[in-house]
Structures are given as C-alpha cells and as structure tokens.
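The lines below spell out each chain.
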Protein chains: 2
Amino acid sequence: MTEKFPEIRNLALFHDISTQSFETLTRAAYVQTYPPSTELITEGDAPDFLYVVQAGAVELFANWAHRETSMWTVWPQSTFILAATVKNRPYLMSGRTLCKSRVVLLPSADVRNVFETDGAFAKAIVTELANGYRGAIKNSKNLKLRSSLERLANYLLTCYRQCDKAPRFLLEAQKSRLASNLGMTPENLSRALNGLKKYGVAVDGQSVELTDIKALTDFAQPSLLIDDDTPFF
Amino acid sequence: MTEKFPEIRNLALFHDISTQSFETLTRAAYVQTYPPSTELITEGDAPDFLYVVQAGAVELFANWAHRETSMWTVWPQSTFILAATVKNRPYLMSGRTLCKSRVVLLPSADVRNVFETDGAFAKAIVTELANGYRGAIKNSKNLKLRSSLERLANYLLTCYRQCDKAPRFLLEAQKSRLASNLGMTPENLSRALNGLKKYGVAVDGQSVELTDIKALTDFAQPSLLIDDDTPFF
DNA sequence: ATCTAAGTATGATAAACATCAAGACAACTC
DNA sequence: GAGTTGTCTTGATGTTTATCATACTTAGAT
C-alpha cells in the first residue's frame, strides 16, 4: 500500500513516525496551490491546520495598531505554525504567499492526535520547536543588542556564508520586506546600505557585492549565539 | 522506595513520567543554594545541566559587543535552558541569581536520555517548549511593533491583571533591570513613567498606582497575541 | 549622626530612527 | 514612444531614544 503525500514523508518531522501515524496525519490532508499574495492564515484564528510549504514561499507577519512587521519567510520544505497547532492556541502570526506556492494542509486535530500516541512524532516535534525557540531568542537578542546598521551588516554576512562565501549574491527578498524583517523602515534600509559602503558593501538593485569581508566582519562582529541560523546551533 | 527531590516531582515537566525515568533524571542531580548575583550559566557554554528554580529568582541575560540586555526572570517553580539541553547546543543566554536562590541541577545527558526513552517526558517537553517559543515570538512582536512608552504601558497593565486587578502593586524588579527587560535605558524608563502620568500612572519608589485603567488601556491597546503571558495563550 | 554606595531622577545634548514629500528608475502596458 | 505602475532612493524634518553629566534619595555601615 502506498502512502499519500510521499513528498513530505522525508521531512525530519515525519521521517521516523510509524506508517499508521503517517496515514492518520495524511488521511484528511490535502495539497493546495495558491497564487501570490494569498493570506493563508490570520493571527488570532484557531489553528485548523499545520502547514507544510512544498514549493514557493510564505511570509509570516504580524499586526498591531495599524502597524505591520514581517517576522520571517518560510521556504520549502518547512512547516509553519507548529507551536500553535500542538497547543491548540490561536495563531500569533499571519501568513501569506509571496509567490505561487504549493502547500500541504494537515488537520491540526490529527496532528495533536498522533502527537499523543506516537512517541517518535513527539520527539521530532521537540527538535523542531527547540530550533524555532532558539531562533526566536536569537531574534530578540539581535533586536535588543544591535543598531539597525549592525543588524544589516550581520544579515549580509549571513547571506555571504549561506552562499558558500561567494562575494556576490542576490538579496532574497524585496527590499521593503527585508527592511521590515530587520526591524527598520525601507528608507532607513536604503540609507543603511549606503552607510555600509565604507566596509566594502556595493549594491546594485538586488545584487550585492562584498569587497572587504574583513572590514565588514570587524564592524558587524557576528556571533554564533545570534547569527547562526542553522538548526545545528 | 521514596523518590529523591519530591519537590520537583509535581512540575508539569515531570508529573507524568515513569518512576524509573524520574529516578534516572535525579540519580546524579543535586540541589544547591546560591548567594545573590551568582552567575550560574554563561552563554556559549555547553549545557551541562537543566536547571529548576525552587526558591529565589534567576535573571537570564545576554551580551554582545560590551552591551548587555536582560531577557527575562525565572521564578519558582520553573525550569530554564531546556531547549539548549535537549538539543545539546550552547546556551544562548547567561543566568545569575537575583537573590539567594535554591536550584536543582539535572545532568543534561540524563535529560536527553530520558527524553529518548520516555514518551510522556517528550510530550511534556513539547508543551514547555511550545510555551517558551510562543513567548519569544510575542516578545519580538512587542519590540518591533511598539514604542518603549507603549511597551511600558502594556507591562504595567500586565502587572495589574496578574495582581487580580488591584490598582496598587509593587514593581517586581529593580527599575534598571525592568528597563533592560523592556528594551530601554534606565533614564528612558524614568521619563516614560513620567510620560504615563496623563494616563493615571502614579509611581512612588517601587509602588505603582493606576488611577485610570480605561485611559491607560486606550493608550496601550493590549493584545492577547502579544501581552498574554500565561501558558494558556 | 555621618559617610558611603547604589539606585534613581533630571537636564542638556547627540545619535538613531521614522515620517513625509518628491524624484529616479526600471518593467509593463497600450 | 508615452504613459502607468511599483519599487527604490534622496532630502528635509521631526520624533524617539541613547548618552553624558550631575544631583538627589535611600539604606546600610561605621
């Protein structure tokens, strides 16, 4: 008997669970492809589904008092909104597609069900939540300990590391969204990019070139305890 | 046969685990009482122990580039540094006692061991991590969406709610530490408390009186998706 | 009671950051 | 090619927040 949704079977979250558990999780699940700028979830809503991004990208953002901030972007193959799902509490963030995106929706009641019965699933959830938790703490440290210029410099160095230390790379995102991610306004980002020129940062459109890694690193003082975004730290 | 450390047996984290698991966890554990201002853990260090605060209080803080920020305070009966322990990754925060404190230290190798073998423990860890994760996300939203005056106003209203809506209460902490928690300088906190006078905030030393809850609420616009600090949201 | 130290408050100033308005630029459409 | 749209940049200005210097207040020690 073949399992439904073989694409997500190999995610760390589902890799070690039993066939029966996977059946339960996927029995009432479905795949959906959404156009760009579609709001998939809204903060405050009850968590009906656990989401898995298979293709495209989903931006998580939050609102308060007519203000909005971008929290982070979910790329394939990752889940989002796991904590709300297992706790059965309202979403803390909203999510919208950035581009045409294929998403798997797993009913959250089934997720909680399997969580209760399958120890391997509980263990996988622990790993996922611990990663997310540590990422969120790093984010708070970044916001509280650094100026916006310092956050930007460290962001660029993180991109550089993720590109296998290629000195040229493309910004992953629209600049206005990048600004919001970094906790600043688009105008301020524009000026900050200029302000990093003296550390060898050259920007042309989406393209960035870092011509003096040492100078930029000396200024940014990256730390594994803030900037490492791999789940291994 | 009686179990060691009956005091912590009833914590949510240990409540449902087997007697054998609890034995394993506590076999090499020990209790220690520390004087005030003792640094228990240092960010970057390997997670040797999972800590449980039994009495007193422990401040978690972080450093970067000769700056320091207070993250939050751990009160009895709570654990701290759980995510680092289960993932076996370096601490992201340092911790020091605020006053004379009694702490239980559980060897983190044993914690990971029991986590692997006892499904009930894994489930309890999920709940704890999900609470912490959501708390950290609320913290980021608070920092990114609000000014320091708005954060302070919401903090005071949170205290008010936690005191069963008594209009007078004492600030839990030294003002300089409260300022750091809220992401501002002590001077700015002092001025901000003055700035909230027009919304009925009267401060005398550690004592706060809120004389116009409606005005303060109208200004602060508290949100369950940011300010609710109970694990139930 | 006086001294000290730590915490807090206040004033002056500067830096960081946001806002508003206008312009530049590229990618599309017609 | 002219116009449209969306995004980004730049400049002027104002607000928020941090920094520095100093004074005050309180609790504890001598």
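Quick summary incoming for the structure in this document. (Residues numbered from 1 in each chain as written. Chains lettered and ligands numbered in written order. Predicted model: local features only at pLDDT ≥ 70, side-chain atom pairs only at ≥ 80, totals over all residues. Heavy atoms only, no water.)

**Remarks on the relation of the copies chain A and chain B**
Right, on to step 1. In the superposition of chain A on chain B (RMSD 0.0 Å, axial shift 0.0 Å), the rotation amounts to 180°. Classification of the inter-copy transformation places it as that of a two-fold axis.
Right, on to step 2. The residues that chain A uses at the interface reappear at the interface of chain B in 100% of cases, marking a shared surface. (Least-squares fit on C-alpha atoms with pLDDT ≥ 70 in both. Contact = heavy atoms within 4.5 Å.)

**Notes on the interface of chain A and chain B**
Right, on to step 1. Listed as interface residues are 58 residues of chain A and, on the opposing side, 58 residues of chain B.
Right, on to step 2. Between chain A and chain B, roughly 5000 Å² of surface is buried when both sides are summed, and carbon and sulfur atoms account for 70% of that area.
Right, on to step 3. By the criterion of area lost to chain B, the three top residues of chain A are Trp64, Leu92 and Lys144 of chain A, representing 17% of everything that side buries.
Right, on to step 4. The residue Arg67 of chain A makes a salt bridge to Glu150 of chain B at a minimum N-O spacing of 2.8 Å.
Right, on to step 5. Seen at the junction of chain A and chain B, the total is 26 residue pairs in polar contact (both at pLDDT 80 or more).
Right, on to step 6. Sort the elements by how many residues they give to the side of chain A that touches chain B and helix α6 (residues 119-145) of chain A lands first, with 20 residues.
Right, on to step 7. Residues of the side of chain A that touches chain B, tallied by class, amount to 29 nonpolar, 16 polar and 13 charged. (Buried area = accessible area lost by both parts, 1.4 Å probe. Salt bridge = Lys/Arg side-chain N within 4 Å of Asp/Glu carboxyl O. Polar contact = N/O pair within 3.5 Å; in protein donor to acceptor, adjacent residues only side chain to side chain. Helix = DSSP H or I, 4+ residues; strand = E, 2+ residues; numbered from the N terminus. Nonpolar A, V, L, I, M, F, W, Y, C, P; charged D, E, K, R; others polar.)

**A short note on unusual backbone geometry**
Trans is the prevailing form of peptide bonds, just as negative phi is the prevailing case for residues other than glycine.
Right, on to step 1. Put simply, Pro76 of chain A and Gln77 of chain A share a cis peptide bond, and its omega is -15°.
Right, on to step 2. Tracing the backbone through its elements, the reader meets Gln77 of chain A in the loop between β5 (67-74) and β6 (78-80).
Right, on to step 3. The phi dihedral of Asp164 of chain A falls on the positive side, at around 60°, and the residue is not glycine.
Right, on to step 4. Tracing the chain through its elements places Asp164 of chain A in the loop between α7 (148-162) and β9 (168-170).
Right, on to step 5. Unusually for a residue other than glycine, Ser37 of chain B sits at a positive phi of about 60°.
Right, on to step 6. Relative to the elements of secondary structure, Ser37 of chain B occurs in the loop between β1 (30-34) and β2 (39-41).
Right, on to step 7. Judged by its relative accessible area of 58%, Ser37 of chain B falls in the exposed class. (Buried < 20%, exposed > 50% of the residue type's maximum accessible area, 1.4 Å probe, protein only.)

**So, the nonpolar core**
Right, on to step 1. Judged by nonpolar contacts, the single largest core of 104 residues is most densely connected at Phe14 of chain A together with Phe14 of chain B.
Right, on to step 2. In contact with Phe14 of chain B, other than residues within four places in its own chain, are Ile8, Arg9, Phe22, Leu25, Val52, Leu106 and Phe121 of chain B.
Right, on to step 3. Membership of the second largest hydrophobic core comes to 25 residues, among which are Ala153, Tyr160, Tyr199 and Val208 of chain B. (Core = buried A, V, L, I, M, F, W, Y, C linked by side-chain atoms within 4.5 Å.)

**Observations regarding the sheet that holds β5 of chain A**
Right, on to step 1. If you walk across this open sheet you meet the 4 strands as β2-β7-β4-β5 (chain A), and the pairing is antiparallel. Here the strands that pair on one side only, and so sit at the sheet edges, are β2 (39-41) and β5 of chain A. Strand-to-strand twist of the sheet, defined as the mean angle between neighbouring strand axes without regard to direction, takes the value 35°.
Right, on to step 2. Two strands pair when backbone bridges link them, and strand β4 (residues 58-64) of chain A and strand β7 (residues 94-97) of chain A are joined in this way by 4 bridges, in the antiparallel orientation. The partner of Phe61 of chain A across the bridge, within β7 of chain A, is Ser94 of chain A.
Right, on to step 3. The strands that helix α6 (residues 119-145) of chain B touches are β4 and β5 of chain A; relative to β5 of chain A, the one it contacts most, it runs at about 135°. (Pairing = 2+ DSSP bridges. Axes fitted to C-alpha atoms, helices over the stretch in contact; angles between N-to-C directions.)

**Quick look at the pairing of strand β10 (residues 201-204) of chain B**
All names here are of chain B.
Right, on to step 1. Sheet topology note: the β10/strand β11 (residues 207-210) ladder contains 4 bridges and is antiparallel. The residue bridging Val201 from the neighbouring strand is Leu210, located in β11.
Right, on to step 2. The antiparallel pairing of β10 with β11 creates a hairpin that spans 2 residues between the two strands, and Gly205 there sits at a positive phi of about 65°.

**Concerning the pattern of salt bridges**
Right, on to step 1. Scanning all chains against the criterion turns up 16 salt bridges over all chains.
Right, on to step 2. Taking the shortest distance from any N to any O, the salt bridge between Lys123 of chain B and Glu116 of chain A comes out at 3.3 Å. A residue pair is termed interchain when its members come from two chains, as with Lys123 of chain B in helix α6 and Glu116 of chain A in helix α5 (residues 108-117).
Right, on to step 3. Taking relative accessible area as the criterion, Lys123 of chain B reaches 25% and is therefore assigned partly exposed.
Right, on to step 4. Residue Glu116 of chain A is classed as partly exposed on the basis of its relative accessible area, which comes to 48%.
Right, on to step 5. Residues participating in the shared-partner salt-bridge network are Glu59, Glu68 and Arg96 of chain A.

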